[in-house]
Amino acid sequence: MKELSHIAQAVQASTTMAIDSMFKQMKADGIDVIGFGAGEPDFNTPDEIKEAGIQAIQNNITRYTPAAGTVELRQAVCDRMKADCNVEYKPNQVVVTSGAKHAVYLALRALVDPGDEVILPAPYWVSYIELIRMVGGVPVVVTATEKENFKLTPEKLAAAITPKTKALILNNPSNPTGMMYGAEELKGIAKVCIENDLYVISDEIYYGLVYDGAKFTSFASISPETYERTILINGVSKSYAMTGWRIGYACADSAVAKVMANYVSHSTGSPVASSQKASVTALTGSQAKIELMRQAFEERRNYLVDRMNKIPGVSCIKPEGAFYVMMNLEQLIGKTIQGVTITDDNVFADAFLKKGLVAVVPGSGFGAPNFTRWSYATSMENIKEGLDRLEKFLAE
Ligand SMILES: Cc1ncc(COP(=O)(O)O)c(C=O)c1O
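Thresholds applied
Residues numbered from 1 in each chain as written. Predicted model: local features only at pLDDT ≥ 70, side-chain atom pairs only at ≥ 80, totals over all residues. Heavy atoms only, no water. Near = heavy atom within 4 Å. Polar contact = N/O pair within 3.5 Å; in protein donor to acceptor, adjacent residues only side chain to side chain. Areas by Shrake-Rupley, 256 points an atom, 1.4 Å probe, with all protein chains shown as cover. Pairing = 2+ DSSP bridges. Helix = DSSP H or I, 4+ residues; strand = E, 2+ residues; numbered from the N terminus. Contact = heavy atoms within 4.5 Å. Axes fitted to C-alpha atoms, helices over the stretch in contact; angles between N-to-C directions. Core = buried A, V, L, I, M, F, W, Y, C linked by side-chain atoms within 4.5 Å. Buried < 20%, exposed > 50% of the residue type's maximum accessible area, 1.4 Å probe, protein only. Phe/Tyr/Trp six-rings, centres within 6.5 Å; stacked < 30°, edge-to-face > 60°. Lys NZ or Arg CZ within 6 Å of the ring centre and 35° of its normal. Salt bridge = Lys/Arg side-chain N within 4 Å of Asp/Glu carboxyl O.

Participant: A description of the site of the ligand should follow, citing residues and the corresponding values.
Facilitator: Taken together, 13 residues lie around the ligand, and Asn 175, Asp 203, Tyr 206, Ser 237 and Lys 238 are the ones closest in. Between the ligand and Tyr 206, the relevant distance is 2.7 Å, taken from an oxygen atom to a side-chain nitrogen or oxygen of the residue. Within the contact set of the ligand, an oxygen atom lies 2.6 Å away from a side-chain nitrogen or oxygen of Ser 237. Here the ligand, which alone exposes 400 Å², has 92% of that area covered by the protein.

Here it is in structure tokens:
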């Protein structure tokens, strides 16, 4: 047999999914294990959104739609982006996709030729690095330390740019760190991007989940110059608890959107018709339930961060958005815990799962060695029990 594609073979399995499947297997085996690995809200999709999906099926909205999504949904996206993010788009600038992940892929497809460099600030969401490679691009990872609040600085960005640099991927608020760039920080980054003529893929899927009354700023909203070079990625998965409906979207210059739409038309084809109808209800209906979910996340974050910082040997900085906390375990490196010498975050996560019965995701997969990511998209009860177990695991 001839060899498989080199590009395809180089794609790594997602670390988030790997831990999650080990956790699910342990659970299925009847083991009392608690999971902090999931990247999805534990809430159910609000009833009126579910109802809209059911109605759509009953009304025979079961056929193909335009590849870039229905005009109704694209208009709903435009209205929501204007109301929430202060950015004005027309439906021909919107591409609805089968999840935001596919929107990132399409954005990279639209921008990147083999050998082009894409700057990726670390810690990064695991899929970005693989997606860049999948389109033949070269990821240029620039690490933002915990001391820098895990945020890319304009200086570090400028230093990473070469004649081959095509784009920057910005994720705000961030998975895995939960940190959010404010308007001034974004302006600093924007200046470098404009000076060097870079596109910016700005993944803002967690924009609805920000805390402490902080104001979210969309990268595209900063100036006409950022607007024209931004491919804004967003979707209903996180804010509306709709991960399984598979609806994301990208907003961009109409020429970029057209290239992306052409790609969709020959790959996935149009996103699921009934999911699009449900998404219209999500985006245009009352946002009250969304606010209740946001408040629950904020309460959990407060508890988790407070408690974690009281446990000797570990610490975390307070995230401003999303639903993740990065636990620093540098102090544990070289120590023996429950008979296991902790040499890195992978060893820690493995031991903590097998002996502490708690699943967390090793930071290495996010370009953040010596950290683990805790998702607080789980009940307060689980969060309390998980931290009790951490305390016990470290104490013995
Ligand atoms: C930063 C970021 N972007 C995109 C996605 C993917 O969203 P979707 O489920 O809509 O594909 C995720 C999901 O974990 C994410 O964390």
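Participant: Explain the sheet that holds strand 14 (residues 371–375) to me, and be specific about the residues and the numbers.
Facilitator: The pairing of strands in a sheet happens through backbone hydrogen bonds and is either parallel or antiparallel. Taken in spatial order, the three strands make up an open sheet running 9-14-13, and their pairing is antiparallel. The open sheet has two edge strands, strand 9 (324–328) and strand 13 (361–362), and neither has a second partner. As judged from the five bridges shared by strand 9 and strand 14, these two strands associate in the antiparallel manner. From the neighbouring strand, Asn 328 faces strand 14, where its bridge partner is Phe 371. Of the strands in this sheet, strand 9, strand 13 and strand 14 are in contact with helix 13 (residues 345–354), which crosses strand 14 at around 45 degrees.

Participant: Residues and numbers for the nonpolar core, please.
Facilitator: Counting 78 residues, the largest nonpolar core has Leu 108, Phe 348, Trp 374 and Leu 390 as its most contacted members. Broken down by element, this core gets its largest block of residues, eight residues, from helix 5 (residues 100–111). Core analysis: the next-biggest nonpolar cluster, separate from the first, contains 31 residues, Ala 76, Met 81, Leu 232 and Val 236 among them.

Participant: Give a description of the environment of Glu 3 that names residues and reports values.
Facilitator: Note that Glu 3 resides in the segment before helix 1 (6–9). You can call Glu 3 exposed: its relative accessible area is 60%. Put simply, Glu 3 and Leu 329 are 326 residues apart on the chain and 41 Å apart in space, counted from C-alpha to C-alpha. Engagement of the side chain of Glu 3 in a polar contact is seen with the side chain of His 6, the distance being 3.3 Å.

Participant: Quick rundown of the packing of aromatic side chains? Include the residues and the values.
Facilitator: Per the stated rule, a full pass over the model turns up 15 aromatic pairs. Ring centres of Tyr 206 and Tyr 324 lie 5.7 Å apart, and the angle between their planes is 85 degrees; this geometry places the pair in the edge-to-face category. A residue pair is termed long-range when its members are at least 10 positions apart, and Tyr 206 in the loop between strand 6 (199–203) and helix 9 (224–229) and Tyr 324 in strand 9 qualify at 118 residues. Take Tyr 206 and Tyr 324: they sit in the same class, and that class is buried. The interplanar angle of 55 degrees and the centroid separation of 4.9 Å between the aromatic rings of Phe 323 and Tyr 324 together place this pair among those described as tilted. On the basis of relative accessible area, Phe 323 is assigned to the buried category, the value being 0%. Each member of the aromatic cluster is reached from another via a ring pair, and the members are Phe 43, Tyr 206, Phe 297, Phe 323, Tyr 324 and Tyr 376. Above the ring of Tyr 303, the side-chain terminus of Lys 384 is found at 5.5 Å from the ring centroid.

Participant: Give a description of the pairing of strand 2 (residues 94–97) that names residues and reports values.
Facilitator: Of the two faces of strand 2, the one carrying Val 94 and Val 96 and the one carrying Val 95 and Thr 97 are both buried. By the bridge criterion, four bridges tie strand 2 to strand 8 (residues 248–251) in an arrangement that is antiparallel. Bridge pairing links Val 96 to Tyr 249 in strand 8.

Participant: Break down the side chain of Asn 328 for me, citing the residues and quoting the values.
Facilitator: Mapped onto the elements, Asn 328 comes out in strand 9. Take Asn 328: its relative accessible area is 8%, and that puts it in the buried class. Side-chain polar atoms of Asn 328 contact the side chain of Glu 146, separated by 2.9 Å. Side-chain polar atoms of Asn 328 contact the backbone nitrogen of Glu 330, separated by 2.8 Å. With residues up to four places along the chain from it excluded, the contact list for Asn 328 reads Glu 146, Gly 313, Val 314, Ser 315, Asn 370 and Phe 371.

Participant: Explain the side chain of Glu 130 residue by residue, including any values.
Facilitator: Among the secondary structure elements, Glu 130 is positioned in helix 6 (residues 126–134). Classification of Glu 130 by relative accessible area gives buried; the value is 10%. Among all residues touching Glu 130, those that are not within four sequence positions of it are Ala 10, Val 11 and Gln 12.

Participant: How would you summarise the pattern of salt bridges if you had to cite specific residues and measurements?
Facilitator: This model, assessed by the stated rule, comprises 23 salt bridges. Counted as one network, the salt bridges with shared partners bring together Asp 212, Glu 291, Arg 294, Glu 298 and Arg 301.

Participant: Give a detailed account of the sheet that holds strand 3 (residues 117–122), specifying residues and quantitative values.
Facilitator: Spatially, the seven strands line up as an open sheet ordered 2-8-7-6-5-3-4, and their pairing is mixed. Here the strands that pair on one side only, and so sit at the sheet edges, are strand 2 and strand 4 (138–143). Each neighbouring strand pair of the sheet contributes to a mean axis angle of 20 degrees, computed without reference to strand direction. Looking at chain direction, strand 7 (residues 230–235) and strand 8 are connected through four bridges and run antiparallel. Bridging from a neighbouring strand, Ile 233 pairs with Ala 250 of strand 8. Against the sheet, helix 5 contacts strand 2, strand 3, strand 5 (165–171), strand 6, strand 7 and strand 8, and its axis sits at roughly 165 degrees relative to strand 7.

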